Amino acid sequence: KKATDKPFGVNAPLLYPEIEKIMKIIAEEEVKIVFTSAGNPKTWTGWLKEHGIKVVHVTASVKFAQKSEDAGCDAVVAEGFEAGGHNGREETTTMVLIPMVREKIKIPLIAAGGIATGRQMLAAMALGADGVQIGSRFAASEESSIHENYKKKITELNEGDTQLALKKLVPVRLVKNKFFNLVQEAEDKGASIEELKNILGKARAKKGMFEGDLDEGELEIGQVSSMLKEIKPVKKIVEEIIAEYEISKKELCGS
């Protein structure tokens, strides 16, 4: 609120341990838009809408996109397997997921996963999306709150440097580092859910992404990170995406 007089949203993963407290703060502060994820959309959508809040639920499958619409969500984010962070067990890519979801829901559809450029944004629109959600490109921005060590690391990533891990818990796409290798070794040996929880510990993502521990930290980022070679201001990133989108659209239309 101090930073802007424009509308802004809050991202609220429903698996957070203090989610009830978080939701009450959101309502008290009169936040206008909430993006929920990692949970059943029925749990909070009705309550949020009673407080005059627009609700968008993030899903990685057609089934849960339909459940989101049935729960009263105002829009759905369909997130493909390419995305960073928590991911779908189905491992459906954005190219496949977006048209399938578009066919089954009537509410606005936002595409996510593997989108960082104007051309990729246009491709998502061609598949049936009404808009896009972009994460990794803005992680590597000047304004991003992640640690400078991690920002630099993102610009050094190449194809294949991220992979899905912790599938027995909540699947998450990570940069391959010492922590990732530890998890993979444990999973290859058939580690139980409890053993994986012990390896993960607490605040592992905070250690990596916000404290800059590139070895022991959990470094979440999407596959598209291999395309990101510069840290830029958000304003410039947005301008470049929109400009490329418009140029690409004209090229395809032959004008």
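Before reading on, note that the structure itself is shown above.
A. Broad picture of the packing of helix H5 (residues 118-126) against helix H11 (residues 234-253). Their axes nearest at 7 Å, the elements H5 and H11 cross at an angle of 60°. Between H5 and H11, the angle is such that the two are oblique. Crossing angle aside, the handedness with which H5 passes H11 is right-handed. Mapping the contact onto sequence places Gly118, Arg119, Met121, Leu122 and Met125 in H5 and Ile241, Ile242, Glu244, Tyr245, Ser248, Lys249, Glu251 and Leu252 in H11. When the residues that make up the contact of H5 with H11 are grouped by side-chain class, the tally is seven nonpolar, two polar and four charged.

B. Examining unusual backbone geometry more closely. At Leu166, a position not held by glycine, the phi torsion is positive, near 55°. Residue position: Leu166 is located in the loop between strand S8 (162-165) and strand S9 (172-175). Positioned with a positive phi, Ala203 is a non-glycine residue whose angle comes to about 60°. With respect to the element layout, Ala203 can be found in the loop between helix H9 (193-200) and helix H10 (204-210). Owing to a relative accessible area of 51%, Ala203 belongs among the exposed residues under this scheme.

C. Summary view of the pairing of strand S3 (residues 54-59). For S3, the tally of buried residues reaches five of six residues, placing the bulk of the element in the interior. Two elements, strand S2 (residues 33-37) and S3, share four bridges in a ladder whose sense is parallel. Bridged to Phe35 within S3 is Val56. Two elements, S3 and strand S4 (residues 75-79), share four bridges in a ladder whose sense is parallel. Paired with Thr59 across the strands is Ala78, a residue of S4. With helix H3 (residues 62-70) bridging S3 and the parallel S4, this β-α-β connection has right-handed handedness.

D. A look at the sheet that holds S9. Strands sit in the order S5-S9-S8 across an open sheet of three strands; the sheet is antiparallel. At either end of the open sheet lies a strand with only one pairing partner, and these are strand S5 (85-86) and S8. Both S8 and S9 contribute to a ladder of four bridges, which runs antiparallel. Paired with Leu164 across the bridge in S9 is Arg173.

E. Representation of the packing of helix H8 (residues 178-188) against H9 within the structure. Running from N to C, H8 and H9 point in directions that differ by 170°, and their axes come no closer than 11 Å. One finds that H8 runs roughly antiparallel with respect to H9. For the crossing formed where H8 meets H9, the hand is right-handed. Contacts between H8 and H9 involve Phe179, Leu182, Val183, Ala186 and Glu187 from the former and Leu196, Ile199 and Leu200 from the latter. Residue composition of the contact of H8 with H9, by class: seven nonpolar, no polar and one charged.

Thresholds, definitions, all that
Residues numbered from 1 in each chain as written. Predicted model: local features only at pLDDT ≥ 70, side-chain atom pairs only at ≥ 80, totals over all residues. Heavy atoms only, no water. Axes fitted to C-alpha atoms, helices over the stretch in contact; angles between N-to-C directions. Helix = DSSP H or I, 4+ residues; strand = E, 2+ residues; numbered from the N terminus. Parallel < 35°, antiparallel > 145°, perpendicular 65-115°, else oblique. Left-handed = near helix turned anticlockwise from the far one by under 90°. Contact = heavy atoms within 4.5 Å. Nonpolar A, V, L, I, M, F, W, Y, C, P; charged D, E, K, R; others polar. Buried < 20%, exposed > 50% of the residue type's maximum accessible area, 1.4 Å probe, protein only. Pairing = 2+ DSSP bridges. Right-handed = clockwise from strand over helix to strand, strands pointing away.

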